[in-house]
Amino acid sequence: PRLLCVVAARPNLMKMAPVLAALRQLEPAPVLTLVHTGQHYDAAMNAQFFSALDLPPPDIALDVGSANHAVQTAEVMRRFDAVLEQQAPTATLVVGDVNSTLACALVAAKRNVPVLHVEAGLRSFDRAMPEEINRVLTDQLSELLFTTEAGAADNLLREGIPSARIHFVGNVMIDTLLRLLPGAPAPEQVLASHNLAGFIARGAPYALLTLHRAGNVDDPQRLRALLEMAGRLSARLPVLFPLHPRTRARLEQFGMSGLLDQPHLACLPPLGYLDMLGLMRGARMVLTDSGGVQEETTALGVPCLTLRDNTERPITISEGSNALAGRDPAVILALCDDILQYGGKAGRVPRLWDGHAAPRIAAVVGQWLAQRRERA
Ligand code: UD1
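Residues numbered from 1 in each chain as written. Predicted model: local features only at pLDDT ≥ 70, side-chain atom pairs only at ≥ 80, totals over all residues. Heavy atoms only, no water.

The protein goes by UDP-N-acetylglucosamine 2-epimerase (Non-hydrolyzing) in an unreviewed UniProt entry, where it is assigned to Rugamonas apoptosis. One UniProt comment on the protein, placed under Sequence similarities (unreviewed entry), says "Belongs to the UDP-N-acetylglucosamine 2-epimerase family." (UniProt positions renumbered as here; feature names shortened; annotations may be inferred.)

Next up, the structure:
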(Lines give C-alpha, C1' and ligand atoms only; values in the text may rest on other atoms or scores of the structure.)
Protein backbone atom coordinates (compact mmCIF):
# COMPACT_ATOMS: atom_id res chain seq x y z
CA PRO A 1 0.00 0.00 0.00
CA ARG A 2 0.99 3.59 -0.59
CA LEU A 3 -0.19 6.47 1.57
CA LEU A 4 0.12 10.08 0.47
CA CYS A 5 0.48 12.21 3.60
CA VAL A 6 -0.16 15.93 3.16
CA VAL A 7 1.30 18.88 5.07
CA ALA A 8 0.83 22.52 4.19
CA ALA A 9 0.98 24.98 7.07
CA ARG A 10 2.90 25.26 10.34
CA PRO A 11 0.35 23.53 12.61
CA ASN A 12 0.18 20.54 10.26
CA LEU A 13 3.82 19.72 10.93
CA MET A 14 3.49 18.92 14.65
CA LYS A 15 0.48 16.74 13.83
CA MET A 16 2.05 14.82 10.96
CA ALA A 17 5.39 14.02 12.66
CA PRO A 18 4.04 11.43 15.16
CA VAL A 19 1.58 10.01 12.61
CA LEU A 20 4.35 9.28 10.11
CA ALA A 21 6.53 7.75 12.82
CA ALA A 22 3.68 5.44 13.91
CA LEU A 23 2.67 4.45 10.36
CA ARG A 24 6.28 3.51 9.68
CA GLN A 25 5.96 0.77 12.34
CA LEU A 26 3.08 -1.01 10.55
CA GLU A 27 3.53 -4.56 9.21
CA PRO A 28 3.50 -4.80 6.25
CA ALA A 29 4.95 -1.29 6.06
CA PRO A 30 3.06 1.03 3.71
CA VAL A 31 5.04 3.25 1.37
CA LEU A 32 4.72 6.72 2.89
CA THR A 33 5.00 9.68 0.55
CA LEU A 34 5.09 13.08 2.22
CA VAL A 35 3.59 15.84 0.08
CA HIS A 36 4.09 19.51 1.06
CA THR A 37 1.72 21.89 -0.67
CA GLY A 38 3.85 24.96 0.13
CA GLN A 39 1.00 26.97 1.70
CA HIS A 40 3.58 28.03 4.30
CA TYR A 41 7.05 28.55 2.88
CA ASP A 42 9.05 31.02 5.04
CA ALA A 43 11.85 29.23 6.88
CA ALA A 44 10.41 30.52 10.17
CA MET A 45 7.00 28.99 9.37
CA ASN A 46 8.25 25.83 7.74
CA ALA A 47 11.85 24.60 7.28
CA GLN A 48 12.97 25.11 10.89
CA PHE A 49 10.24 22.72 12.09
CA PHE A 50 11.36 19.72 10.05
CA SER A 51 14.54 19.13 12.03
CA ALA A 52 12.99 20.11 15.38
CA LEU A 53 10.18 17.57 14.85
CA ASP A 54 12.26 14.85 13.16
CA LEU A 55 10.08 15.11 10.07
CA PRO A 56 11.64 13.69 6.91
CA PRO A 57 11.99 16.20 4.08
CA PRO A 58 8.94 16.18 1.78
CA ASP A 59 9.11 13.73 -1.11
CA ILE A 60 7.00 16.03 -3.25
CA ALA A 61 6.78 19.84 -2.98
CA LEU A 62 3.91 21.61 -4.71
CA ASP A 63 5.15 25.16 -3.94
CA VAL A 64 1.75 26.82 -4.18
CA GLY A 65 2.60 29.78 -1.91
CA SER A 66 0.17 32.47 -0.76
CA ALA A 67 -2.92 33.71 -2.60
CA ASN A 68 -6.55 34.42 -1.85
CA HIS A 69 -8.68 31.45 -0.83
CA ALA A 70 -10.03 30.61 -4.27
CA VAL A 71 -6.68 30.77 -6.02
CA GLN A 72 -4.75 28.99 -3.27
CA THR A 73 -7.31 26.19 -3.00
CA ALA A 74 -7.57 25.80 -6.77
CA GLU A 75 -3.81 25.74 -7.22
CA VAL A 76 -3.38 23.03 -4.57
CA MET A 77 -6.17 21.02 -6.23
CA ARG A 78 -4.60 21.29 -9.68
CA ARG A 79 -1.11 20.32 -8.52
CA PHE A 80 -2.21 17.61 -6.07
CA ASP A 81 -4.43 16.02 -8.70
CA ALA A 82 -1.40 15.48 -10.91
CA VAL A 83 0.37 13.81 -7.98
CA LEU A 84 -2.60 11.51 -7.41
CA GLU A 85 -2.62 10.54 -11.04
CA GLN A 86 1.07 9.77 -11.03
CA GLN A 87 1.25 8.00 -7.64
CA ALA A 88 -2.10 6.15 -7.61
CA PRO A 89 -2.03 5.87 -3.80
CA THR A 90 -4.13 3.53 -1.66
CA ALA A 91 -5.26 6.50 0.45
CA THR A 92 -4.54 10.17 1.21
CA LEU A 93 -4.01 11.26 4.80
CA VAL A 94 -4.74 14.89 5.68
CA VAL A 95 -4.53 16.75 9.01
CA GLY A 96 -6.24 19.80 10.47
CA ASP A 97 -8.36 22.41 8.74
CA VAL A 98 -6.26 24.59 6.46
CA ASN A 99 -7.11 25.34 2.84
CA SER A 100 -4.74 22.64 1.61
CA THR A 101 -6.49 20.03 3.79
CA LEU A 102 -9.77 20.56 1.95
CA ALA A 103 -8.16 20.99 -1.46
CA CYS A 104 -6.35 17.64 -1.26
CA ALA A 105 -9.34 15.83 0.25
CA LEU A 106 -11.56 17.08 -2.54
CA VAL A 107 -9.41 15.93 -5.43
CA ALA A 108 -8.65 12.60 -3.74
CA ALA A 109 -12.36 11.90 -3.18
CA LYS A 110 -13.11 12.77 -6.83
CA ARG A 111 -10.53 10.18 -7.88
CA ASN A 112 -12.02 7.60 -5.50
CA VAL A 113 -8.90 7.67 -3.36
CA PRO A 114 -10.04 7.23 0.28
CA VAL A 115 -9.35 10.22 2.54
CA LEU A 116 -8.15 9.72 6.11
CA HIS A 117 -8.66 12.84 8.26
CA VAL A 118 -6.71 13.42 11.45
CA GLU A 119 -8.37 15.96 13.78
CA ALA A 120 -11.91 15.43 12.47
CA GLY A 121 -15.19 16.64 13.93
CA LEU A 122 -14.11 19.93 15.55
CA ARG A 123 -16.75 22.62 15.06
CA SER A 124 -16.89 26.30 15.99
CA PHE A 125 -20.35 26.57 14.36
CA ASP A 126 -19.07 29.81 12.84
CA ARG A 127 -19.12 29.60 9.06
CA ALA A 128 -17.47 33.02 8.81
CA MET A 129 -14.24 31.17 9.64
CA PRO A 130 -12.62 29.68 6.55
CA GLU A 131 -11.34 26.81 8.71
CA GLU A 132 -14.92 25.83 9.66
CA ILE A 133 -15.80 25.38 6.00
CA ASN A 134 -12.63 23.34 5.51
CA ARG A 135 -13.52 21.13 8.50
CA VAL A 136 -17.12 20.42 7.55
CA LEU A 137 -16.32 19.60 3.94
CA THR A 138 -13.17 17.56 4.62
CA ASP A 139 -15.12 15.41 7.08
CA GLN A 140 -17.88 14.81 4.53
CA LEU A 141 -15.25 13.54 2.09
CA SER A 142 -13.42 11.28 4.54
CA GLU A 143 -13.49 7.52 4.92
CA LEU A 144 -11.69 7.34 8.28
CA LEU A 145 -12.17 10.19 10.75
CA PHE A 146 -9.84 10.45 13.75
CA THR A 147 -11.08 12.67 16.58
CA THR A 148 -9.24 14.40 19.43
CA GLU A 149 -12.12 14.88 21.87
CA ALA A 150 -15.19 12.79 22.63
CA GLY A 151 -17.70 15.50 21.60
CA ALA A 152 -16.39 15.57 18.03
CA ALA A 153 -18.20 12.31 17.26
CA ASP A 154 -21.55 13.97 18.11
CA ASN A 155 -20.83 16.71 15.57
CA LEU A 156 -20.01 14.12 12.91
CA LEU A 157 -23.02 11.91 13.63
CA ARG A 158 -25.29 14.97 13.39
CA GLU A 159 -23.84 15.62 9.93
CA GLY A 160 -24.70 12.07 8.85
CA ILE A 161 -21.24 10.47 9.07
CA PRO A 162 -21.59 6.74 9.85
CA SER A 163 -20.26 5.92 13.34
CA ALA A 164 -18.12 3.07 11.98
CA ARG A 165 -15.90 5.65 10.28
CA ILE A 166 -15.25 7.65 13.46
CA HIS A 167 -12.34 6.78 15.74
CA PHE A 168 -11.66 8.67 18.97
CA VAL A 169 -7.88 8.39 19.25
CA GLY A 170 -6.75 11.48 21.19
CA ASN A 171 -4.58 14.38 20.17
CA VAL A 172 -1.49 13.92 18.00
CA MET A 173 -0.37 17.49 18.67
CA ILE A 174 0.00 16.47 22.31
CA ASP A 175 2.02 13.39 21.26
CA THR A 176 4.58 15.84 19.89
CA LEU A 177 4.35 18.14 22.90
CA LEU A 178 4.95 15.36 25.43
CA ARG A 179 7.82 13.91 23.41
CA LEU A 180 9.67 17.20 23.03
CA LEU A 181 8.81 19.03 26.26
CA PRO A 182 11.94 17.83 28.12
CA GLY A 183 14.09 19.57 25.50
CA ALA A 184 12.25 22.92 25.60
CA PRO A 185 14.50 25.79 26.71
CA ALA A 186 13.88 28.00 29.73
CA PRO A 187 12.24 31.37 28.92
CA GLU A 188 15.41 33.33 29.71
CA GLN A 189 17.31 31.23 27.17
CA VAL A 190 14.69 31.96 24.51
CA LEU A 191 14.84 35.68 25.32
CA ALA A 192 18.64 35.72 25.25
CA SER A 193 18.65 34.12 21.80
CA HIS A 194 16.46 37.00 20.58
CA ASN A 195 18.62 39.75 22.12
CA LEU A 196 16.09 40.25 24.90
CA ALA A 197 18.22 39.07 27.83
CA GLY A 198 16.94 40.78 30.98
CA PHE A 199 13.59 41.78 29.43
CA ILE A 200 11.97 39.59 32.08
CA ALA A 201 13.65 38.99 35.44
CA ARG A 202 14.30 35.30 36.09
CA GLY A 203 11.14 33.71 37.48
CA ALA A 204 9.05 36.88 37.05
CA PRO A 205 5.59 36.43 35.53
CA TYR A 206 4.96 37.29 31.89
CA ALA A 207 2.15 36.94 29.36
CA LEU A 208 2.53 35.32 25.94
CA LEU A 209 0.32 36.66 23.13
CA THR A 210 -0.32 35.27 19.64
CA LEU A 211 -2.72 36.62 17.00
CA HIS A 212 -3.19 35.50 13.42
CA ARG A 213 -6.86 34.71 12.70
CA ALA A 214 -8.21 36.61 9.73
CA GLY A 215 -11.22 37.55 11.91
CA ASN A 216 -8.89 39.36 14.34
CA VAL A 217 -6.07 40.80 12.28
CA ASP A 218 -7.64 41.63 8.90
CA ASP A 219 -10.14 44.06 10.44
CA PRO A 220 -8.34 47.32 11.36
CA GLN A 221 -10.69 48.22 14.23
CA ARG A 222 -10.45 44.81 15.84
CA LEU A 223 -6.70 44.70 15.41
CA ARG A 224 -6.30 48.18 16.90
CA ALA A 225 -8.40 47.25 19.93
CA LEU A 226 -6.38 44.08 20.53
CA LEU A 227 -3.06 45.91 20.18
CA GLU A 228 -4.21 48.60 22.62
CA MET A 229 -5.25 45.83 24.99
CA ALA A 230 -1.75 44.32 24.70
CA GLY A 231 -0.21 47.71 25.48
CA ARG A 232 -2.35 48.12 28.59
CA LEU A 233 -1.65 44.55 29.70
CA SER A 234 2.10 45.21 29.39
CA ALA A 235 1.75 47.88 32.10
CA ARG A 236 0.74 45.04 34.46
CA LEU A 237 3.26 42.36 33.38
CA PRO A 238 5.70 41.96 30.47
CA VAL A 239 4.10 40.73 27.23
CA LEU A 240 5.89 38.60 24.63
CA PHE A 241 4.30 38.72 21.18
CA PRO A 242 5.67 36.44 18.41
CA LEU A 243 4.32 37.89 15.16
CA HIS A 244 2.74 35.64 12.53
CA PRO A 245 3.58 36.85 8.99
CA ARG A 246 -0.08 37.67 8.31
CA THR A 247 -0.21 39.85 11.43
CA ARG A 248 3.07 41.59 10.61
CA ALA A 249 1.79 42.34 7.10
CA ARG A 250 -1.46 43.84 8.45
CA LEU A 251 0.37 45.95 11.07
CA GLU A 252 2.42 47.48 8.31
CA GLN A 253 -0.49 47.85 5.91
CA PHE A 254 -2.65 49.61 8.54
CA GLY A 255 0.28 51.66 9.90
CA MET A 256 -0.26 50.28 13.41
CA SER A 257 3.25 49.11 14.32
CA GLY A 258 3.66 52.16 16.58
CA LEU A 259 1.00 50.78 18.94
CA LEU A 260 3.50 48.10 19.90
CA ASP A 261 6.17 50.59 21.02
CA GLN A 262 5.74 49.88 24.71
CA PRO A 263 8.55 49.44 27.22
CA HIS A 264 7.28 46.08 28.52
CA LEU A 265 6.02 44.61 25.24
CA ALA A 266 8.41 42.69 22.99
CA CYS A 267 7.64 41.49 19.47
CA LEU A 268 9.45 38.37 18.31
CA PRO A 269 9.67 36.66 14.94
CA PRO A 270 7.67 33.42 14.48
CA LEU A 271 9.32 31.05 16.95
CA GLY A 272 10.66 27.54 16.55
CA TYR A 273 8.69 24.70 18.09
CA LEU A 274 10.86 24.23 21.18
CA ASP A 275 11.21 27.96 21.87
CA MET A 276 7.44 28.40 21.71
CA LEU A 277 6.95 25.39 23.98
CA GLY A 278 9.45 26.82 26.48
CA LEU A 279 7.68 30.20 26.50
CA MET A 280 4.23 28.61 26.87
CA ARG A 281 5.36 26.40 29.73
CA GLY A 282 6.85 29.36 31.62
CA ALA A 283 4.04 31.87 30.99
CA ARG A 284 1.78 33.20 33.73
CA MET A 285 -0.94 33.35 31.08
CA VAL A 286 -1.31 32.90 27.35
CA LEU A 287 -3.61 35.03 25.17
CA THR A 288 -4.25 33.61 21.72
CA ASP A 289 -6.58 33.07 18.80
CA SER A 290 -4.77 29.89 17.71
CA GLY A 291 -6.43 26.48 17.90
CA GLY A 292 -3.23 24.57 18.63
CA VAL A 293 -2.16 26.92 21.42
CA GLN A 294 -5.52 26.39 23.19
CA GLU A 295 -4.74 22.67 23.22
CA GLU A 296 -1.09 23.00 24.16
CA THR A 297 -1.82 25.28 27.14
CA THR A 298 -4.46 22.79 28.30
CA ALA A 299 -1.89 19.99 28.15
CA LEU A 300 0.58 22.18 30.08
CA GLY A 301 -2.00 23.43 32.61
CA VAL A 302 -1.18 27.08 31.80
CA PRO A 303 -4.13 29.53 31.95
CA CYS A 304 -5.21 30.51 28.44
CA LEU A 305 -7.54 33.28 27.27
CA THR A 306 -8.87 32.73 23.77
CA LEU A 307 -9.41 36.03 21.96
CA ARG A 308 -12.44 34.84 20.01
CA ASP A 309 -16.17 34.47 20.59
CA ASN A 310 -16.17 30.72 20.01
CA THR A 311 -13.87 27.73 19.89
CA GLU A 312 -14.00 24.48 17.93
CA ARG A 313 -12.11 22.90 20.83
CA PRO A 314 -14.67 23.07 23.68
CA ILE A 315 -12.89 20.48 25.80
CA THR A 316 -10.10 23.00 26.44
CA ILE A 317 -12.76 25.03 28.27
CA SER A 318 -14.93 22.33 29.87
CA GLU A 319 -11.89 20.44 31.17
CA GLY A 320 -8.74 22.36 30.31
CA SER A 321 -7.19 25.67 31.31
CA ASN A 322 -8.80 27.73 28.55
CA ALA A 323 -11.52 30.42 28.73
CA LEU A 324 -13.23 32.41 25.97
CA ALA A 325 -12.32 36.08 26.42
CA GLY A 326 -13.87 37.55 23.27
CA ARG A 327 -12.39 40.71 21.76
CA ASP A 328 -13.48 43.48 24.10
CA PRO A 329 -10.31 44.94 25.70
CA ALA A 330 -12.06 45.74 29.00
CA VAL A 331 -13.33 42.18 29.35
CA ILE A 332 -9.98 40.66 28.38
CA LEU A 333 -8.07 42.86 30.83
CA ALA A 334 -10.49 42.02 33.64
CA LEU A 335 -9.91 38.31 32.98
CA CYS A 336 -6.13 38.92 33.00
CA ASP A 337 -6.45 40.66 36.37
CA ASP A 338 -8.38 37.66 37.69
CA ILE A 339 -5.59 35.33 36.62
CA LEU A 340 -2.94 37.58 38.18
CA GLN A 341 -4.89 37.75 41.42
CA TYR A 342 -6.30 34.23 41.75
CA GLY A 343 -4.01 32.13 39.57
CA GLY A 344 -6.48 31.20 36.84
CA LYS A 345 -7.75 27.82 35.75
CA ALA A 346 -5.45 24.84 36.20
CA GLY A 347 -7.85 22.45 34.49
CA ARG A 348 -7.08 18.82 33.79
CA VAL A 349 -5.72 17.02 30.77
CA PRO A 350 -8.47 15.60 28.53
CA ARG A 351 -8.87 11.87 27.96
CA LEU A 352 -6.41 10.30 25.51
CA TRP A 353 -4.20 13.38 25.37
CA ASP A 354 -1.55 11.02 26.64
CA GLY A 355 1.14 10.99 23.97
CA HIS A 356 -0.15 7.83 22.25
CA ALA A 357 -2.71 9.13 19.77
CA ALA A 358 -0.58 8.42 16.69
CA PRO A 359 -0.06 4.70 17.45
CA ARG A 360 -3.85 4.41 17.85
CA ILE A 361 -4.29 5.98 14.42
CA ALA A 362 -1.71 3.62 12.92
CA ALA A 363 -3.50 0.62 14.44
CA VAL A 364 -6.81 1.64 12.85
CA VAL A 365 -5.12 2.34 9.50
CA GLY A 366 -3.37 -1.04 9.67
CA GLN A 367 -6.68 -2.87 10.23
CA TRP A 368 -8.36 -0.90 7.49
CA LEU A 369 -5.57 -1.73 5.02
CA ALA A 370 -5.80 -5.42 5.98
CA GLN A 371 -9.57 -5.43 5.38
CA ARG A 372 -9.04 -3.88 1.96
CA ARG A 373 -6.46 -6.52 1.09
CA GLU A 374 -8.92 -9.27 2.05
CA ARG A 375 -11.67 -7.74 -0.06
CA ALA A 376 -9.39 -7.24 -3.06
C1 UD1 B 1 -3.25 29.40 7.81
C2 UD1 B 1 -4.56 28.66 8.04
C3 UD1 B 1 -4.96 28.78 9.50
C4 UD1 B 1 -3.84 28.33 10.42
C5 UD1 B 1 -2.59 29.11 10.08
C6 UD1 B 1 -1.44 28.69 10.94
C7 UD1 B 1 -6.19 28.61 6.17
C8 UD1 B 1 -7.46 29.16 5.71
N9 UD1 B 1 -5.66 29.22 7.26
O10 UD1 B 1 -3.50 30.77 8.07
O11 UD1 B 1 -6.09 27.97 9.76
O12 UD1 B 1 -4.22 28.56 11.76
O13 UD1 B 1 -2.27 28.90 8.70
O14 UD1 B 1 -0.34 29.52 10.76
O15 UD1 B 1 -5.68 27.68 5.60
N16 UD1 B 1 2.71 34.28 4.82
C17 UD1 B 1 4.06 34.48 4.77
N18 UD1 B 1 4.87 33.39 4.80
C19 UD1 B 1 4.40 32.12 4.88
C20 UD1 B 1 3.00 31.93 4.92
C21 UD1 B 1 2.18 33.01 4.88
O22 UD1 B 1 4.53 35.60 4.71
O23 UD1 B 1 5.20 31.17 4.93
C24 UD1 B 1 1.81 35.47 4.81
C25 UD1 B 1 1.39 35.89 3.43
O26 UD1 B 1 1.25 37.28 3.42
C27 UD1 B 1 0.02 35.25 3.31
C28 UD1 B 1 -0.50 35.34 4.73
O29 UD1 B 1 0.64 35.16 5.55
O30 UD1 B 1 -0.80 35.87 2.39
C31 UD1 B 1 -1.55 34.33 5.05
O32 UD1 B 1 -1.07 32.99 4.81
P33 UD1 B 1 -2.12 31.79 4.58
O34 UD1 B 1 -1.40 30.50 4.49
O35 UD1 B 1 -3.07 32.14 3.49
O36 UD1 B 1 -2.98 31.80 5.92
P37 UD1 B 1 -2.55 31.90 7.45
O38 UD1 B 1 -3.03 33.19 7.99
O39 UD1 B 1 -1.12 31.53 7.66
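Next comes the rest of the description.
Quick word on the site of the ligand
Near the ligand you find 18 residues, and of these His-40, Asn-99, Glu-131, His-212 and Arg-246 are the closest. Here an oxygen atom of the ligand sits 2.7 Å away from a polar atom, N or O, in the side chain of His-40. Between Glu-131 and the ligand, the recorded distance is 2.6 Å, taken from a side-chain N or O atom to an oxygen atom. For the ligand, whose unbound accessible area comes to 740 Å², protein coverage reaches 86%. Elements with a contribution of two residues or more to the shell around the ligand: α3 (69–87) and α11 (245–253). Here the residues of the shell around the ligand sort into 6 nonpolar, 8 polar and 4 charged. (Near = heavy atom within 4 Å. Polar contact = N/O pair within 3.5 Å; in protein donor to acceptor, adjacent residues only side chain to side chain. Areas by Shrake-Rupley, 256 points an atom, 1.4 Å probe, with all protein chains shown as cover. Helix = DSSP H or I, 4+ residues; strand = E, 2+ residues; numbered from the N terminus. Nonpolar A, V, L, I, M, F, W, Y, C, P; charged D, E, K, R; others polar.)

A few points about the sheet that holds strand β10 (residues 265–268)
Across the sheet, 6 strands lie side by side as β10-β9-β8-β11-β12-β13; this open sheet has parallel pairing. Only two strands of the sheet have a single neighbouring strand rather than two, namely β10 and β13 (322–324). Strand after strand, the sheet turns through a mean of 20° between neighbouring axes, direction not considered. For strand β8 (residues 207–210) and strand β11 (residues 285–288), the ladder comprises 4 bridges, and the chain directions are parallel. Each bridged residue has a counterpart across the sheet, and for Leu-209 the counterpart in β11 is Leu-287. Docked against the sheet, helix α13 (residues 291–300) engages β11, β12 (304–306) and β13, running at close to 165° with respect to β11. (Pairing = 2+ DSSP bridges. Axes fitted to C-alpha atoms, helices over the stretch in contact; angles between N-to-C directions. Contact = heavy atoms within 4.5 Å.)

Things to note about the side chain of Gln-294
Following the sequence through the fold, Gln-294 ends up in helix α13. Not counting residues up to four positions away in its chain, the partners in contact with Gln-294 are Thr-288, Cys-304, Thr-306, Arg-308, Thr-311, Glu-312, Arg-313, Thr-316 and Asn-322.

So, the packing of helix α4 (residues 99–110) against helix α5 (residues 130–141)
The N-to-C vectors of α4 and α5 enclose an angle of 25°; their axes lie 9 Å apart at closest approach. Overall, the two elements α4 and α5 adopt an arrangement that is roughly parallel. Both α4 and α5 take part in a crossing whose hand is left-handed. Along the contact surface, α4 presents Asn-99, Thr-101, Leu-102, Ala-105, Leu-106 and Ala-109, while α5 presents Asn-134, Leu-137, Thr-138 and Leu-141. (Parallel < 35°, antiparallel > 145°, perpendicular 65-115°, else oblique. Left-handed = near helix turned anticlockwise from the far one by under 90°.)

Topic: α5
Between its first and last C-alpha, α5 extends 17 Å over 12 residues, near the 16 Å set by a 1.5 Å rise per residue. Listing the buried residues of α5 in full gives Glu-131, Glu-132, Asn-134, Arg-135, Val-136, Thr-138 and Asp-139. Taken together, the buried residues of α5 touch β4 (91–95), α4, β5 (115–120), β6 (144–147) and α6 (151–158). (Expected span 1.5 Å × (residues − 1). Buried < 20%, exposed > 50% of the residue type's maximum accessible area, 1.4 Å probe, protein only.)

Describing the UniProt feature "domain: UDP-N-acetylglucosamine 2-epimerase" (unreviewed entry) in the protein
As annotated in UniProt, the feature "domain: UDP-N-acetylglucosamine 2-epimerase" (unreviewed entry) corresponds to residues 32–365 in the numbering used here. Here residues 32–365 is 44% helix and 14% strand, with 13 Å between the C-alpha atoms at its ends.

Topic: the pattern of salt bridges
Counted under the stated rule, the structure contains 24 salt bridges. When the shortest N-O distance is used, the salt bridge between Arg-313 and Glu-312 registers 2.7 Å. Side by side, Arg-313 and Glu-312 carry an identical accessibility label, which is buried. Counted as one network, the salt bridges with shared partners bring together Lys-15, Asp-97, Glu-119, Glu-132, Arg-135, Glu-295, Arg-308, Glu-312 and Arg-313. (Salt bridge = Lys/Arg side-chain N within 4 Å of Asp/Glu carboxyl O.)

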